[in-house]
Structures are given as C-alpha cells and as structure tokens.
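Chain by chain, the residues run as shown.
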Amino acid sequence: MNAHALLTRLRGQIPLLVTAVLLVSMFSIGSVQYEGFFSGQVVLNLLIDNAFLLVVAVGMTFVILTGGIDLSVGAVVALSTMVSAWLVEEHGWSPFLVIPLVLLMGTAGGWVMGWIIHVFEIQPFIVTLAGMFLARGLCYTISVESISITDPTYTSMAQTRIPLGDLFVSPSALIALLVVAAGFVVLHYTKLGRNVYALGGSEQSALLMGLPVQRTKTTVYAISGFCSALGGVLLTFYMLSGYGLHAVGLELDAIAAVVIGGTLLTGGSGYLLGTLLGVLVLGLIQTVISFQGTLSSWWTRIVIGALLFVFIVLQRLITARRR
Amino acid sequence: MRQQPVLEVRGIRKEFPGVVALDGVDFRLFPGEVHALMGENGAGKSTLIKVLTGVYQSDGGEVELAGEQVRVTGPLQAQQIGISTVYQEVNLCPNLSVAENIFIGREPRRFGLIDWSAMRRRAAELVRGIDLDIDVNAPLNSYSIAVQQLVAIVRAVDVSAKVLILDEPTSSLDRDEVRQLFTVMRRLRDQGVAILFVSHFLDQIYEICDRMTVLRNGRLEGEYLTSELNQVELVSRMIGSELAGLDQLGGGKRRERTAPTGKAFLQADRLTRRGAVEPYDLDIRPGEVVGLAGLLGSGRTEAARLLFGADQNDGGTVRIEGEVAALRTPRDAIARGIAFCSENRKTEGLVGELTVRENIVLALQAARGWTRPLSRTAQDAYALKWIRALDIRPGNPEALVRNLSGGNQQKVLLARWLITDPKLLILDEPTRGIDIGAKAEIQKLVANLAEDGMAVLFISAELEEVLRLSHRVGVLRDHRMVAQLDNDGALTPERIMATIASGAHA
C-alpha cells in the first residue's frame, strides 16, 4: 500500500481518535479526582441520562453526513412529548397506539422538510428552522402547561432497571444503543448509507453517477424526524411529562455531539461510533461538573463551547490539508 | 473498408440567443479509434460534446448510436445508452474509496447488504486491468488528479461505455501521467471502445489520435486522418479564417522598433509551475513590449500569472531590477511596481456595481491602506484626469461600470493600474471582445506607455496585434516557451504560426 494513501486514510480517523482519547482522559481524571467516579455505573448512567440525546444525534449524523443540518429536532422532541402526554392522559389512548403514531408524525415531518429542501433548492438551515418554529408552536396549541403522565406503561418504562451483573441500565438506554447499531448497519452496509456519504462528498458527482439524490435527501430528513420523535418518546419515559419547553436547545447539543464525534459539518466524512463518543463526552462533562459540586451547571456549556471551538478548528486543519 | 460508425451525428444544429453555436455539423466515430475534436475557442467543440452527453438538447439534426437513432436527453441517460464522459474536473466523490467510486449505485450485495469484500476484489481486478497500482480501499482524494481520472475512466467503461468522451483530460497532468493515460486509452481502443479526445495539446493529438474532426465557427471544417494532415495545416484550418480576416487598422504599419537595451526590469529564470507552465526564461526591459503568442491554453496566461504572484511558482526565480524577488501574492508584485490587467475583466478585475471613479481609485486606495482614505476631491481629480487621458466614455465618473461598453471597461481597468504608476504592465488579452476603434486606442496607449519607459508584457490571441506592438515575441506551445523571436521587421504572423505548429525555433 502506498504510504501516502495510508496517511490520508488515517487522517480521516483523527477526529474520532481525538474524541476517544478525550473521553478516556476525562474519565481517568474524574476517577483520580473524585471518589466513586471510577465505576461502571457512572458510564451506564451516561447512557441512561442521555438516551434521548443519543437517538436524536444518530438522526442528526445522517443529515450532517449529507452536508445538511436539521434544526427542528429539539422542537420535534418537545412536540412528541406533548402529543404523547395529551393523547394518553387527556384522551385515554393506548400508549401502544400513541407511540407508533408519534413516530410516524416525526418521520412524515422530516420527509416533508427534506422534500422542500430538495425540490425548491432551499438551504436546509432555513427550512428546518421553519420546522422548528412550527413544531415548537404546535406544542402550545395543545397546552401551555406541562402535562404529567401517570399511565402505567410509561411509569414502568421509567422505573424498570435491567440488571447487568451488579450494574443496571434502563430500557431507553438499550433502545438508544439499538438505534446506534441499526444506524451503523444502514450507513455502512446499504446503498442508502453509501449514497449518504456520496451526497456529502459531492452532490454534483452523485447526480452525474446516477445516484438517487432526491430520494436520499428526503430519506435522511425523514430518518432525522423519526429519531427526533423516538427521542421524544424516550424523553417522556425519562421525564414522565409532556411540555412545550422540553428539549429547548437540544438541536444544538445534538449538533455539538456529532461534531465532537468527528463528523465533518461539510458532509461526507464521519462515523456513527463517533457520535456515540460525542454524546458520552457531553454527558461526562456534566457528570464531572456535578461531582465537582461547587461549579454552576453553566460550566457545562462553557466547556462544550470551548471543545467545539477546538474540534471545528481541528476539522478545518484536516480538510485544508487534504486539498 | 471500414466498419459501421458506432456514433454518427448528422446536421446537428444548436442555437443560443443571438449565436449559432453549431451549424449543421456532421461527425462520425468508429469503434476502436481515438478521435480528436479540434477547433479554437468558440468553434463549437464543447457545445458538440454537451449535445452528445445530453447536457444541451440540439435544435436540429440527428444522432445515431450503433445504427439506431437515439435522443440524448440527459447525462444519466447518455451513460445508460453507452456514452460516458470524463471531464477535466473529475466527477467522482473524493471522500469515498476508489472501490466505492467505481461501484457506487451498483454495489455487489449479499443477503441484501453491501458485500464489501466482493466490491474490493472486483475493483482491484478492474484497476489492475489497466495496470494501475493503487489501493482501492484508500479514499479517492489521496490520489492525484491523474489517477482520479483513470478511476473515472474505469467506472465509465465498466458501466458499459461504447463511446468514451475525454474532455481536456490532460490539462492538469504532467508528462508521465499523460503517458499513463495514453496507455490506458490505447488499451481501451484495442478493446473496441470509441474514444473522443479533446485537448489543446497538438503533440498529444498527434501522438494518440487516429483521426480528427476540425470545427471552425460552429461549422464542420473537415474530417482528416491524423497521418494526412500536418500540424501547420491543422493550425491554419483551425484559425485560418481569423488570420485572413485580421483587421488592418492603422494601415497595418509596424513602427520601426529598436529594442531598448540596458538592464532588464524583470528577469524570470527557469520559472515554472507544475501543470501550468514549464520552466521559462524571460527578460523585460523598461520601455520594451514583449508579446506572448500561442494557442488558447498554451500557457500564456499561466506564464504571466507567475510574474504577478497570482499563482505560486514551483521552481525558478524572478529578479526585479537585479534583485531576487519572492512574488508570493499579487500584493508583493504590486509593491514591486507590477500591474496585471486580467483577461476576464468582468470576473477578475472590475466591480460592475461600482462607479467609474470608485473602480479607478480602487487599486490606489488599496496601496495606501484603508486607514488612509483618499478624499473625495482627490478621487474626483484622479478619475477626471484618467477619464480624459484615456478618453473613457461616457466621461461621467459616477456612471456604473457595468453600463460601459467592453472597450471603455477595459480602459477603466487600465486606468486603475496606471494610476499606481507601475513599472511593468502585464496585459492579458486587453482587446478581446471590444470594438475596432477602442482596440486601436488601447494599442496606441500601450505603445505610448512603452515609449515613456514602462515595461509591458502583452498577451493576445491576435498575432497581428502582438506583432504590431511587440519588440520581441515569446511563443508558447503546450505550456512550453518554445521560442523568443525578435520582431525585426521580417517576422510575420505566418512565421509565428509555423513556430506554434512545429514547436521548433523558426
């Protein structure tokens, strides 16, 4: 193998490696500094507390890999919690009907945004921004108050703990990991997944090579919509309420997780595994700060901001070198 | 004696508003041949290719593929019926691996999932089939443009191309890469693929092509066997009518010129940039006009851009007034007293939305720095002075530049540079697309500037014009400076053309 080619291949992995190193070193520092930090449960709690973010970030990874962005995810999460709580609590619908309905709604919403983006050649930024306002606004047409959920299916999902030896996880965490696994298979072993990468590499070329550009684009936004709705369902399991102010700014956390996970914002390069690491990094920052005890929770934001700066500069350096 | 053509085009016609780009062109392509499509810029080459690949729809005429009449409706459909095109800028995905680029959209699958090992194996076979030694798992962008083009060709042929169109594939390749491409082209030709090859490089055409079709002004000039048409004849067929129609303004009188002697203002020594221009030497003395002649794409502009720091040289040095100067950016060159009027006055030079005055003072203001703004009175004075000196019309400094005619826009661009009082003025096609009167004025102006001691590098496609103004003419061909001819009165356009065609020192 050509040494230069090998180097280029490795270079594509640098952001992922950096994230992995960061995660390990943060965990080590936490373990040295704070008593009780070094335990498997701390890691599993990261998954339990961030299951909904992880699911949303998987959808976001698809979108960003095509070179797009989806700002509507947080609002769609909120709308999903709201619709679920309203139908289950105030109309007495069965959760087994409500959950599929909510998932369908999110998927359809994403599909429509993808269709608009492609057919009218509008920036994804502005289309999904409109989607964000629309979904957030719709929450308040249902109720301006928080609706708490007392349905037994939801409460049992919230309370069930699946033991893993001495440790435990929640069903939501398992669902999130399943979504990551499914996303991984789709991205790497299906035509759709490869078309996503091709589209992010060069839309013009993808078109000239005869790839279904429109279908791929609408599909990634539909996937993101589905993931947002599923994230909303997981959030209802976690919060046991529907509220228009749930998941405010979640889209930005998701984007941050994807970027810290090494996916290039320009599209075409990145891994779902990176997104998992990115979500864990965000969760770990929060954990470290809560263990620290004296810092205000706003420090989470400050650290995420600083990390993002470092990562986007790193991305820039890598892509610039490639040219 | 020959078999059926695989592709036959009859009486193709394509019009754009106000222009007939193709006027009843016939064209034949046989299986197992490499065919060159020749013609100067604007002759209709790229329009014909775009009609064949479905980018444009023709306004008349018919296309027959393997004996059947077809309508080419788009690039995708063209590929499906067997016409594939590889462009100079590779249309593949740089982020994907070589193997994926060959197979994406038609990946081998097993149990519904992509079978990566089969894909890699088959890609490796295909790549080995053209003697290319690369790792098919590496991302495409880890390889040179040359290799990327070969990968594009592999994909095109594997998708089942009967006709392979290569549009200027060699423009950014070096010698070895061109040789590699030619080896692949010969192999495909022997397998029966019909290859249409477009290139500005005459040597390459003569090396690889069996036949050629020459277009001129949207019309078919003729179809020739490469072995039966020598390069001088080819060049005159390509540009022949332009030569005959050269304007004879100013009585065609050439000034008696004694080339200024003395120390050179600028000396280029083995200056080069890979893929743009091979090492060349050039001296320009104060008061001297040096012309650069050559076909379009021969490296005229590229050679000049190196002198202005618009592109970075890979080798060689530039001395200015005897001192070695590193011209890394246009700023460096401007600081050394070099000005460059680019050939794309619309895209690279003037700001159409600004007024004549604002355009004129732009370079001067930039040279002073934005912290020291020119006063409005000073701006008006400068603008009026140069409007008068160059006779820019309308003489209104507040007119928007985009509303001016081409010739007057060119004068505004000249004024902008002259205001900075340059010692070397580089003019790239300053008279292209402007009317005859304005052309003569600009030529006179250049002559006067040189008489006043300015060094001028004058690039033009019109040989008469180059001869009329220059003391010396550098001739470029295939990115090489093949000769520098003294304009001693005996130099004729025919002799320059012969030099361009033969590449020999005439």
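Predicted model, so just to flag it, every value in this text is computed and none were measured.

**A short note on the overall build of chain B**
Part 1: Helix and strand counts for chain B come out as 17 helices and 22 strands.
Part 2: Since a compact globule built from 506 residues should have a radius of gyration of about 23 Å, the 26 Å found for chain B is in line with a globular shape.
Part 3: For chain B, the C-alpha atoms occupy an extent of roughly 80 × 50 × 45 Å along the three principal directions.
Part 4: In chain B, which comprises 506 residues, the share counted as buried stands at 46%.
Part 5: At a minimum sequence separation of 6, the contacts of chain B that also span at least 24 residues come to 68%.

**Structural notes on the interface of chain A and chain B**
Often, the extent of an interface is quoted as the loss of accessible area upon association of its parts.
Part 1: The interface of chain A with chain B comprises 26 residues on the first partner and 21 residues on the second.
Part 2: At the level of elements, α1 (3-33), α8 (191-201) and α9 (203-208) of chain A are the ones that each hand at least two residues to the side of chain A that touches chain B.
Part 3: It is α8 of chain A that provides the largest number of residues to the side of chain A that touches chain B, a total of six residues.
Part 4: When the residues that make up the side of chain A that touches chain B are grouped by side-chain class, the tally is nine nonpolar, 13 polar and four charged.

**Concerning the domain arrangement of chain B**
Part 1: For chain B, the domain assignment lists domain 1 (7-244), domain 2 (249-337 + 422-502) and domain 3 (350-421).
Part 2: Domain 1 of chain B and domain 3 of chain B are separated by 45 Å when their C-alpha centres are compared.

**Points about the sheet that holds strand β6 (residues 83-87) of chain B**
Residue and element names in this part refer to chain B.
Part 1: Spatial strand order, β6-β9-β10-β3-β11-β12: six strands in an open sheet with mixed pairing. Sheet topology places β6 and β12 (219-225) at the edges, where each strand pairs with a single neighbour. With direction set aside, neighbouring strand axes in the sheet form an average angle of 20°.
Part 2: The pairing of strand β11 (residues 211-216) with β12 spans six bridges and is classified as antiparallel. Each bridged residue has a counterpart across the sheet, and for Thr213 the counterpart in β12 is Glu223.
Part 3: Contacts from helix α1 (residues 45-52) reach β3 (34-38), β6, β9 (163-167), β10 (194-198) and β11, with the element oriented near 145° to β9.

**Side note on unusual backbone geometry**
Part 1: The phi angle at Leu240 of chain A is positive, at roughly 55°, despite the residue not being glycine.
Part 2: Topologically, Leu240 of chain A is positioned in the loop between α10 (213-239) and β4 (241-242).
Part 3: Although it is not a glycine, Glu321 of chain B adopts a positive phi angle of roughly 50°.
Part 4: Among the secondary structure elements, Glu321 of chain B is positioned in the loop between β16 (315-320) and β17 (323-325).

**Considering the packing of helix α11 (residues 250-260) of chain A against helix α12 (residues 272-292) of chain A**
All names here are of chain A.
Part 1: Two elements in contact, α11 and α12, have axes whose closest approach is 7 Å; the angle formed by their N-to-C orientations is 120°. Considering their axes alone, α11 and α12 lie oblique with respect to each other. Viewed along their axes, α11 and α12 form a crossing whose handedness is right-handed. Contacts from Asp253, Ala256, Ala257, Val258 and Ile260 in α11 reach Thr275, Gly278, Val279, Val281 and Leu282 in α12.
Part 2: Taken together, the residues that form the contact of α11 with α12 break down as seven nonpolar, two polar and one charged.

**What to know about helix α14 (residues 406-418) of chain B**
Part 1: With 13 residues, α14 of chain B extends 18 Å from end C-alpha to end C-alpha; this agrees with the ideal 18 Å at 1.5 Å per step.
Part 2: Buried within α14 of chain B are the following residues: Gly407, Asn408, Gln409, Gln410, Lys411, Val412, Leu413, Leu414, Ala415, Arg416, Trp417 and Leu418 of chain B.

**Quick word on the sheet that holds β16 of chain B**
Through backbone hydrogen bonds, the strands of a sheet pair up, either in parallel or in antiparallel fashion.
All names here are of chain B.
Part 1: Spatially, β14-β13-β16-β17 is the arrangement adopted by the four strands of the open sheet, whose pairing is antiparallel. A single partner strand is all that each edge strand has here, and the edge strands are β14 (277-284) and β17. Strand after strand, the sheet turns through a mean of 25° between neighbouring axes, direction not considered.
Part 2: In this fold helix α9 (residues 300-307) packs onto β13 (266-273), β14 and β16, with an angle of close to 120° to the strand it touches most, β13.

**Things to note about helix α5 (residues 145-158) of chain B**
Residues and elements named next belong to chain B.
Part 1: Taking 1.5 Å of rise per residue, 14 residues should cover 20 Å, and α5 covers 20 Å from first to last C-alpha, within 8% of that figure.
Part 2: Of all 14 residues that make up α5, twelve are buried, and the element is covered over most of its length.
Part 3: Listed as buried for α5 are Ala146, Val147, Gln148, Gln149, Leu150, Val151, Ala152, Ile153, Val154, Arg155, Ala156 and Val157.
Part 4: Tucked into the core, α5 has its buried residues touching β6, α3 (98-103), α4 (116-129), β9 and α6 (175-190).

**Describing the environment of Glu207 of chain B**
Part 1: Looking at the element boundaries, Glu207 of chain B is found in helix α7 (residues 202-208).
Part 2: In this structure the C-alpha to C-alpha distance between Glu207 of chain B and Pro330 of chain B, which are 123 residues apart in sequence, comes to 38 Å.

Each value, and the rule that gives it
Residue numbers here run from 1 along each chain, matching the order of that chain's written sequence. Whichever chain is written first becomes A and whichever ligand is written first becomes 1, with later ones labelled in order. Reporting in this predicted model follows two pLDDT cut-offs: at least 70 for local features of residues, and 80 or more for side-chain atom pairs to be given and counted; totals over whole chains, interfaces and linings ignore these cut-offs and use all residues. Secondary structure elements are defined from DSSP: runs of H or I of at least 4 residues count as helices, runs of E of at least 2 residues count as strands, and each element is numbered from the N terminus. Computation of the radius of gyration draws on C-alpha atoms, with the globule rule given as 2.2 Å multiplied by the number of residues to the power 0.38. Here the C-beta atoms are placed from the backbone, and a residue counts as buried if at least 20 other C-beta atoms lie within 10 Å of its own, exposed if 12 or fewer do, and partly exposed otherwise. Once C-beta atoms are placed from the backbone, any two residues with those atoms within 7 Å are in contact. Following the grouping adopted for this structure description, the nonpolar residues are Ala, Val, Leu, Ile, Met, Phe, Trp, Tyr, Cys and Pro, the charged ones are Asp, Glu, Lys and Arg, and the polar ones are all others, Gly among them. Domain borders in the structure are assigned automatically or taken from a domain database. Two strands qualify as a pair provided that DSSP identifies no fewer than 2 bridges between them. Lines fitted to C-alpha atoms define the axes here, with helix axes fitted over just the stretch in contact, and angles between the N-to-C directions of these axes take values from 0 to 180 degrees. The scheme is simple: roughly parallel for angles under 35 degrees, roughly antiparallel for over 145, roughly perpendicular for 65 to 115, oblique for anything else. For any pair of crossing helices, the crossing counts as left-handed if the nearer helix is rotated counterclockwise from the farther one by less than a right angle, and right-handed if it is rotated clockwise. A helix is expected to reach a length of 1.5 Å times the quantity of its residues less one.

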